[in-house]
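Per-entry structural report
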Amino acid sequence: MKICVFPSAEQMSKAGQELILRELKEDPSLALGGATGNTPKLLYGLLAQAAESGQLDLSQRQIWFLDEYFGKDMYYKYAINFLHNKFPKGKGIAVKNIHVPNGMYYFESQIVHSEILDEVLKKNRDDYEMKGPEVLIKPGAKHPFLKQLRKDTKTYEKSLPLERVQILGIGREGHIGFNEVGTSDKSRTHLTVLADSTVEANAEDFEDGIVTRYAITQGSGSIMKAYLPILFANGVKKTEAVHGLLIGDNPASVLRKHPNTHVFITGDTLGEFKSADLDKLRKKYEVTGL
Ligand code: F6R
């Protein structure tokens, strides 16, 4: 694992841009793995700038996003906006090459929102089993949209290219994608119950007034298969999560087992780390900027 500490979010994102440009230049078939949320917005802006100045053309690349809220297409819209619309014409990722897990299901001509899903799950207990926050739909599931959901998550999982640079953010309790505390390190793309803290932290995403408590997410195991995971985090709100990732135990700490994980963080994120912890990190990993 490589840990790079930067004075500001701008410098962190710039370093991310440079690393991604280098990787893409070396391998024309390399795909991207995208995260949504606030953290990577600066990075996407810098990638768009690189396209403006002729250093980058993503028109032949594929991008596979981590997750989507259940009952919404919000992250799909985010993906189109940041990787296509905000790029100079013809240089961004083609809409057909932007992949986001499907969160929109219809049942009896209605969009299945979280509350309807609650009802369906209550009435069809034989169709799934719970494993922590993971809702694992069984192969023999009878309910039509649960059946479809299982099929879609399997297809998404199978389509994920291993040769991808996976951009990651981290949630306050250490989730990557929406792999909440209690999710298996080996999980694959699945339906999950969101943690209360996630619903709270992402409240501004639900400006239509419909809060969702479920999401479809790549699993921790799906993320671990990516050739190069780069996790970005900045700010004191992420200190505890980053501590868990680097030293402790949270969903993101699985990334310590990946030989090529890059952790890009700002100095303030490490604010409350004890000096003994920092020494441990310096001894164990390749650390710059600390
Ligand atoms: C989003 C995602 C999440 C976010 C995380 C941090 O696709 O997978 O894991 O990366 O919740 O979100 P921000 O960057 O908004 O703090």
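In this text, all values refer to a predicted model and were calculated from it rather than measured experimentally. (Residues numbered from 1 in each chain as written. Predicted model: local features only at pLDDT ≥ 70, side-chain atom pairs only at ≥ 80, totals over all residues.)

A separate point is the pairing of strand 14 (residues 262-266). For strand 14, the tally of buried residues reaches five of five residues, placing the bulk of the element in the interior. Of the two faces of strand 14, the one carrying H262, F264 and T266 and the one carrying V263 and I265 are both buried. Sheet topology note: the strand 1 (residues 2-6)/strand 14 ladder contains five bridges and is parallel. Looking across to strand 14, one finds that K2 is bridged to H262. Where strand 13 (residues 228-233) meets strand 14, four bridges bridge the pair, whose relative direction is parallel. (Buried ≥ 20, exposed ≤ 12 C-beta atoms within 10 Å, placed from the backbone. Helix = DSSP H or I, 4+ residues; strand = E, 2+ residues; numbered from the N terminus. Pairing = 2+ DSSP bridges.)

Next up on the list: the sheet that holds strand 14. Think of a sheet as strands paired side by side through backbone hydrogen bonds, with each pair either parallel or antiparallel. Ordered by their spatial adjacency, eight strands build an open sheet running 5-3-2-10-13-14-1-15, and the pairing between neighbours is parallel. Strands at the two margins of the open sheet, each flanked by one partner only, are strand 5 (98-99) and strand 15 (286-288).

Turning our eyes to something else, we now look at the pairing of strand 10 (residues 164-168). Counting buried residues in strand 10 gives five out of five residues, a clear majority hidden from the surface. Side chains R164, Q166 and L168 project from strand 10 onto one buried face, and the interleaved V165 and I167 project onto a second face that is buried too. Pairing analysis gives three bridges linking strand 2 (residues 31-34) to strand 10, with the strands arranged parallel. Each residue of the ladder has a partner; that of L32, found in strand 10, is V165. Judged from the four bridges that link them, strand 10 and strand 13 form a sheet pairing that is parallel. Among the inter-strand pairings, L168 is bridged to a residue of strand 13, identified as L231.

Note that all results are geometric; they support no functional claim without further evidence.
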